[in-house]
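Observations on the model geometry
If you want the building blocks of each chain, they are given just below.
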Amino acid sequence: MKRTLGFIALSAAILAVGFLAMSLPFHLFSELTPGQMRGLWIFEFVAYFLIVGICLSAAEKRYIKRKSAARKNKAEKESAAVKGEQNYDAAA
């Protein structure tokens, strides 16, 4: 829950700062109508969440890949331990 609230707060800050960083240097507040500014805000909002979605999906894929590799390594280690015990029993 705490992590989600942090993510929401960080997202809001990034959107606000990004909008201001884009609007102020280009004097968009004086050049564009309120409707155009709203359109620009919506475009930035959609672009931000598109980029975040791509990054999160890539991170999720890496997490799943690491988890399956760890599971495979664990199974291989258990298999090797069982074979080692069998070889030890056969030698005795």
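**With respect to helix 1 (residues 2-23)**
- Taking 1.5 Å of rise per residue, the 22 residues of helix 1 would be expected to cover 32 Å, and the 32 Å separating its terminal C-alpha atoms lies within 8% of that figure.
- Taken together, the buried positions of helix 1 are Ser-11, Leu-15, Phe-19 and Ser-23. Axial view of helix 1: buried residues confined to an arc of 75 degrees, hence all on one face. Away from its buried face by more than 90 degrees, helix 1 exposes Lys-2, Arg-3, Leu-10 and Val-17.

**Describing the packing of aromatic side chains**
- The tally for this structure, following the rule as stated, stands at three aromatic pairs.
- With a centroid separation of 5.0 Å and 90 degrees between ring planes, the pair formed by Phe-19 and Trp-41 is classed as edge-to-face. Of this pair, Phe-19 sits in helix 1 while Trp-41 sits in helix 3 (residues 34-91), and the two are 22 residues apart along the sequence.
- In textbook terms, an aromatic cluster arises when at least three aromatic residues are bridged by ring pairs, as seen for Phe-45, Tyr-48 and Phe-49.

Reading guide: rules and limits
Residues numbered from 1 in each chain as written. Predicted model: local features only at pLDDT ≥ 70, side-chain atom pairs only at ≥ 80, totals over all residues. Heavy atoms only, no water. Helix = DSSP H or I, 4+ residues; strand = E, 2+ residues; numbered from the N terminus. Expected span 1.5 Å × (residues − 1). Buried < 20%, exposed > 50% of the residue type's maximum accessible area, 1.4 Å probe, protein only. Arc of directions from axis to C-beta. Phe/Tyr/Trp six-rings, centres within 6.5 Å; stacked < 30°, edge-to-face > 60°.

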